[in-house]
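Structural features, examined
So you can see what is in the structure, the chains are spelled out below.
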Amino acid sequence: MRIAVAGANGRMGRMLIEAVLKSSDLQLAVALDHTGADSIGLDAGAFLGQTTGVVITDDLDQLRQADCLIDFTRPAGTLNHLQACITHQCKLVIGTTGFSEAEKQQIAAAAEQTAIVFAPNMSVGVNVALRLIEMAAKLMNQGFDAEVFEAHHRHKVDAPSGTALAMGEAVAKAWDVELNEVADWTRHGETGAREDGRIGFSVVRGGDIIGDHTVFFCGEGERIEITHRSSNRSTYAQGSLRAVRFLAQKDTGLYSMQDVLDA
């Protein structure tokens, strides 16, 4: 498959480019960056000391040369790329987070015209953890308090992280409730005793933390912690390539990483 990478000069974009170049079954075809970026006109492999022949561009019409775009940028950029993918019949793997509900509906509507894998975290390990969290929540739906903790680097702009929200959603699904109805997003001042059935969130931003997530199930005299820690962004890149390969046989539809794992 011919692959396009958005945000080609960013941390994740570079990791994706390196992963595609190292793969035996995928070809780097397009590298995108935003208009005015210093990287425009550079070879996509320059940071590796390689010449790929793929020049970083802001021309979305170049997506006509790609079978699938991998996008870990920002919501506004991803939605802009989404329309170009529809125009050029390019499939899409979306790892961007921070979408509003209305923006998520735009992605769902676009999936009627092209195939999309949309997940808050492309790591295989995180998606296994999500299954374990839902299983644990079903078994601990009484007598246990659920708390979601996450920590990321100082440059992350949204909070809680998309992965933390997905973990909260997994607990809420198991408890047959809507997350927004039971979530405690912040605590400050005289909060009173903890209410039963609530799902709390805690956020750390600092340094170069790639991503730590823990769901606590706290009961009387015991607790269970389900934790995933990322030590390298390559886990997101490899999961993204797995998602790309999953889409090879899909024409339309909106899929999650759980669908990818089950394939």
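The following paragraphs examine the structure supplied in this document. Please read these numbers as outputs of a predicted model, since none were measured by experiment.

A few words on the overall build of the protein. Helix and strand content of the protein: eight helices and 12 strands. Dimensions of the protein along its principal axes, counting C-alpha atoms only, are 60 × 40 × 30 Å. Sorting the 263 residues of the protein into buried and exposed places 49% on the buried side. Partitioning the contacts of the protein with sequence separation of at least 6, the portion at a separation of at least 24 is 68%. The averaged location of the 34 negative side-chain charges in the protein is 5 Å from the averaged location of its 23 positive side-chain charges.

This next bit is on the packing of helix H4 (residues 124-139) against helix H5 (residues 162-174). Two elements in contact, H4 and H5, have axes whose closest approach is 8 Å; the angle formed by their N-to-C orientations is 30°. The orientation of H4 relative to H5 falls into the category roughly parallel. As H4 runs across H5, the sense of the crossing is right-handed. Facing Val126, Leu130, Ile133, Glu134, Ala137 and Lys138 of H4, the residues of H5 in contact are Thr163, Ala166, Met167, Ala170, Val171, Lys173 and Ala174. For the contact of H4 with H5, the per-class residue count stands at nine nonpolar, one polar and three charged.

With that settled, the discussion passes to the sheet that holds strand S6 (residues 115-118). Across the sheet, which stays open at both edges, the seven strands sit in the order S3-S2-S1-S4-S5-S6-S12 with parallel pairing between neighbours. The strands lining the two open edges of the sheet, one partner per strand, are strand S3 (56-57) and strand S12 (253-255). Sheet analysis places strand S1 (residues 2-5) next to strand S2 (residues 27-32), joined by four bridges and oriented parallel. Residue pairing in the sheet places Ile3 in a bridge with Leu28 of S2. Lying over the sheet, helix H7 (residues 234-247) contacts S1, strand S4 (68-71), strand S5 (91-94), S6 and S12, oriented at roughly 150° with respect to S5.

Compared with the 16 Å implied by 1.5 Å per residue over 12 residues, the 17 Å span of helix H1 (residues 11-22) between its first and last C-alpha is a close match. On its buried face, H1 is in contact with S1, S2, S4 and H7.

This part is about the nonpolar core. In this structure, Ile3, Val93, Val117 and Leu247 are the most contacted members of the largest nonpolar core, which totals 32 residues. Taken together, the elements giving at least two residues each to this core come down to S1, H1, S2, S4, S6, H7 and helix H8 (257-262). It is H7 that contributes the most residues to this core, seven residues altogether. For Val93, the contacting residues outside a window of four places in its chain are Cys68, Leu69, Ile70, Asp71, Val117, Met122, Ser240, Ala243, Val244 and Leu247. Counting 26 residues, the second largest nonpolar core, distinct from the first, contains Ile133, Ala164, Met167 and Ala172.

This part covers the sheet that holds strand S11 (residues 222-230). Pairing is mixed in the open sheet, where five strands are placed in the order S8-S9-S7-S10-S11. The two strands at the open ends of the sheet, each matched to only one other strand, are strand S8 (183-184) and S11. Strand direction decides the pairing type here: S8 and strand S9 (residues 199-205), joined by two bridges, are parallel. In the strand pairing of S9, Asp184 is matched with Gly200. Relative to the sheet, H4 contacts strand S10 (211-219) and S11, its axis offset from that of S11 by approximately 165°.

Let us now look at the pairing of S4. A two-sided burial pattern is seen for S4, the buried positions comprising Cys68 and Ile70 on one face and Leu69 and Asp71 on the other. Looking at chain direction, S1 and S4 are connected through three bridges and run parallel. When the bridges of S4 are listed, Ala4 appears paired with Leu69. Pairing between S4 and S5: four bridges, direction parallel. The residue bridging Leu69 from the neighbouring strand is Leu92, located in S5. The β-α-β motif built from S4, the intervening helix H2 (residues 75-87) and the parallel element S5 has right-handed crossover chirality.

Here is what the cut-offs are and how they apply
- Residues numbered from 1 in each chain as written.
- Predicted model: local features only at pLDDT ≥ 70, side-chain atom pairs only at ≥ 80, totals over all residues.
- Heavy atoms only, no water.
- Helix = DSSP H or I, 4+ residues; strand = E, 2+ residues; numbered from the N terminus.
- Buried < 20%, exposed > 50% of the residue type's maximum accessible area, 1.4 Å probe, protein only.
- Contact = heavy atoms within 4.5 Å.
- Lys, Arg positive; Asp, Glu negative; His and termini not counted.
- Charge placed at Lys NZ, Arg CZ, Asp CG, Glu CD.
- Axes fitted to C-alpha atoms, helices over the stretch in contact; angles between N-to-C directions.
- Parallel < 35°, antiparallel > 145°, perpendicular 65-115°, else oblique.
- Left-handed = near helix turned anticlockwise from the far one by under 90°.
- Nonpolar A, V, L, I, M, F, W, Y, C, P; charged D, E, K, R; others polar.
- Pairing = 2+ DSSP bridges.
- Expected span 1.5 Å × (residues − 1).
- Core = buried A, V, L, I, M, F, W, Y, C linked by side-chain atoms within 4.5 Å.
- Right-handed = clockwise from strand over helix to strand, strands pointing away.

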